[in-house]
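# Structural features, examined
Spelled out from the first residue to the last, the chains are:
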Amino acid sequence: MVKICCIGAGYVGGPTMAVMALKCPEIQVTVVDISEPRINAWNSDTLPIYEPGLDDVVKQCRDKNLFFSTDVERHVSESDIVFVSVNTPTKTQGLGAGKAADLTYWESAARMIADVSRSSKIVVEKSTVPVRTAEAIEKILTHNNNSRGVEFQILSNPEFLAEGTAINDLYTPDRVLIGGRGSPGGQKAVKALRDVYAHWVPLERIICTNLWSAELSKLAANAFLAQRISSVNAMSALCEATGADVSQVAHAVGTDSRIGPKFLNASVGFGGSCFQKDILNLIYICECNGLPEAASYWKQVIKVNDYQKTRFANRVVSSMFNTVSGKKIAILGFAFKKDTGDTRETPAIDVCNRLVADMAKLSIYDPRVLEEQIRKDLSVARFDWNHHQIKAEGMLEQVSVVSDAYVATKDAHGICVLTEWDEFKSLDFERIFENMRKPAFVFDGRNVVDAVKLREIGFIVYSIGKPLDSWLRNMPSVA
Ligand code: NAD
Ligand code: UDX
């Protein structure tokens, strides 16, 4: 029986290995992590992450050919293929702080693999890493294990799943990418991993490249995706200024088959643990390779995203007579997108911090994010991409976290929709309007509510990139 071990039981390691175990019943898959609470949760009925369909997959194979364990060293030493899916966040201090990927976790995983290995292994980079990381990993592995005759082959196999749709993305990926060395040993390792995926992925969807292309393709794909969102968001500002409608523009543009219709939804800004981090990493790599123009091109994608979040918060304040001091504002949605409880880099953090700084009272509701997480996100100091520390506002008494949208909106002056949860589309807005202060505002950062219907009820509605109500047109410019 082939044995696979995955180091890192997070948003990628957990779902990826669960699907692999389900599709390859004759392979034993063990996911290991240094975090005991995380592993305990994977072994319980309440998994550590919310992902539609995941519970079902885990239930089908856990304790059959899928295992979760904190005994990292044993499982690594017993396996034939080791995936490394540890976190690779942006460095917060030292050289490259604010941009470069922090490879501390990766390096410690690699050193541990070298220490405990007594048999040859394929080591697979699943984490998103800077281009040429495989070279560094190879050095760590071979220099620390060269007396035992153990051979390591390094492969790059970046993951393209998106949160909220991870299980479907894993079942039917657009492509699986495998990068390896051109040597006979390297190609043998590529084939071994390809054979694993071939259990459920058609061969024509498995792309094999050299190591550096695979590593760079992951950063490139995320940069291209985020660039589309910043493009449509930049367009949304112009739509508001001119009376064009960003949904109509995006539709007209996206029907060009060379451009395509997906990923053109204007929003309050992109969030999530990957886009900003990976673009920053790309910028850093460009700078390190003496390519400042290429770096500044990608920087602009992040700048526009920051602009969009600021523009949204400014719009809220300026529409409400330029002050939100003491006013209750309902925040509907805190996760960075629907169908996940993940709040990493969610635009809600920036919008809430800005409103709290203007002395608003926030009542936050999200169907999947726990109060503890929201309070943590709003109280921890962070770094912006230019490595300026963003002070936490530290005024958490102005924030309450509630368990439904009706409580959040009761007696509120305004509502900000910051995540596109389906349930927000079917709220009883007449009831909500009755219970709000007047004039009652809705600021839709995701274009999910029916603005026409809401205006009929009596709301003043702001929708990203849509023609402005006369009320909003007459308020001071927020650009
Ligand atoms: P995560 O923080 O959810 O999980 C990482 C896990 O690794 C944590 O549980 C941590 O305890 C564990 N870990 C760290 N060092 C370890 C060590 N030495 N030994 C054992 N366990 C260790 O991160 P994630 O969201 O799963 O992302 C993992 C990687 O995948 C990152 O490089 C990320 O960029 C990439 N990625 C993420 C997504 C996504 O949607 N989240 C998608 C594609 C790629
Ligand atoms: C992303 C990539 O899509 C995925 O391939 C990669 O493996 C990890 O990073 P993820 O961050 O989970 O996935 O979600 P994604 O669906 O890409 O959304 C990222 C952010 O962009 C979210 O905040 C989302 O709301 C926003 N978004 C997305 C828009 O604002 N408009 C869009 O049209 C699409």
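Conventions adopted
Residues numbered from 1 in each chain as written. Chains lettered and ligands numbered in written order. Predicted model: local features only at pLDDT ≥ 70, side-chain atom pairs only at ≥ 80, totals over all residues. Heavy atoms only, no water. Helix = DSSP H or I, 4+ residues; strand = E, 2+ residues; numbered from the N terminus. Buried < 20%, exposed > 50% of the residue type's maximum accessible area, 1.4 Å probe, protein only. Near = heavy atom within 4 Å. Polar contact = N/O pair within 3.5 Å; in protein donor to acceptor, adjacent residues only side chain to side chain. Areas by Shrake-Rupley, 256 points an atom, 1.4 Å probe, with all protein chains shown as cover. Nonpolar A, V, L, I, M, F, W, Y, C, P; charged D, E, K, R; others polar. Domains from an automatic or database assignment. Phe/Tyr/Trp six-rings, centres within 6.5 Å; stacked < 30°, edge-to-face > 60°. Axes fitted to C-alpha atoms, helices over the stretch in contact; angles between N-to-C directions. Parallel < 35°, antiparallel > 145°, perpendicular 65-115°, else oblique. Left-handed = near helix turned anticlockwise from the far one by under 90°. Contact = heavy atoms within 4.5 Å. Buried area = accessible area lost by both parts, 1.4 Å probe. Salt bridge = Lys/Arg side-chain N within 4 Å of Asp/Glu carboxyl O.

Along the chain, lysine 438 connects to proline 439 via a cis peptide bond; the corresponding omega equals -5°. For glutamate 345, which is not glycine, the phi torsion reads 55° and is therefore positive. Mapped onto the elements, glutamate 345 comes out in the loop between strand 9 (328-332) and helix 13 (347-357). On the basis of relative accessibility, which here comes to 32%, the residue glutamate 345 falls in the partly exposed class. Residue methionine 359 is not a glycine yet carries a positive backbone phi of 70°. Owing to a relative accessible area of 39%, methionine 359 belongs among the partly exposed residues under this scheme.

With that out of the way, let us pick up the site of ligand 2. Taken together, 20 residues surround ligand 2, and among them Leu161, Glu163, Ser267, Phe336 and Arg446 come closest. One of the backbone nitrogen or oxygen atoms of glutamate 159 is found 3.4 Å away from an oxygen atom of ligand 2. Side-chain polar atom of lysine 337 to an oxygen atom of ligand 2: 2.8 Å apart, as the coordinates give it. Taking 660 Å² as the accessible area of ligand 2 by itself, protein coverage stands at 91%. Per-element tally for the shell around ligand 2: the top contributor is helix 9 (residues 211-242), with four residues. Split into classes, the residues belonging to the shell around ligand 2 amount to eleven nonpolar, four polar and five charged.

With that out of the way, let us pick up the site of ligand 1. Around ligand 1 sit 24 residues, and of these Val12, Asp33, Arg38, Thr88 and Lys277 come closest. Side-chain polar atom of threonine 88 to an oxygen atom of ligand 1: 2.6 Å apart, as the coordinates give it. Within the side chain of lysine 277, one N or O atom sits 2.6 Å away from an oxygen atom of ligand 1. Its free accessible area being 840 Å², ligand 1 has 92% of it covered by the protein chains. Classifying every residue of the shell around ligand 1 gives eight nonpolar, nine polar and seven charged. Both domains that furnish three or more residues to the shell around ligand 1 are identified here as domain 1 (3-219) and domain 2 (267-463).

For the rest of this paragraph, the subject is the packing of aromatic side chains. Across all of its chains, the model carries 14 aromatic pairs by this definition. Ring geometry for phenylalanine 429 against phenylalanine 459: centres 6.0 Å apart, planes inclined by 85°, an arrangement best described as edge-to-face. Here phenylalanine 429, found in helix 16 (residues 429-434), pairs with phenylalanine 459, found in the loop between helix 17 (451-457) and strand 16 (460-463); they are 30 residues apart in sequence, far enough to count as distant. In this structure, phenylalanine 429 and phenylalanine 459 share a single accessibility class: buried. Measuring from ring centre to ring centre gives 5.0 Å for phenylalanine 433 and phenylalanine 459, while their planes differ by 70°; the resulting arrangement is edge-to-face.

Contact geometry of helix 12 (residues 292-319) with helix 13 gives a least axis separation of 9 Å together with a crossing angle of 40°. One element, helix 12, and the other, helix 13, form an angle in the oblique class. Considering the relative orientation of helix 12 and helix 13, their crossing is right-handed. Of helix 13, the residues touching helix 12 (which contributes Lys309, Phe312, Ala313, Asn314, Val316 and Val317) are Pro347, Asp350, Val351, Arg354 and Leu355.

The next subject is the domain arrangement of the chain. Here the chain is partitioned into domain 1 (3-219) and domain 2 (267-463). Domain 1 and domain 2 are separated by 33 Å when their C-alpha centres are compared. Each side of the interface is counted separately: domain 1 has 24 residues, and domain 2 has 23 residues. Here domain 1 packs against domain 2, burying approximately 1,900 Å² in sum over the two surfaces, 58% of which is carbon and sulfur. On inspection of domain 1 and its partner domain 2, the count reaches two salt bridges.

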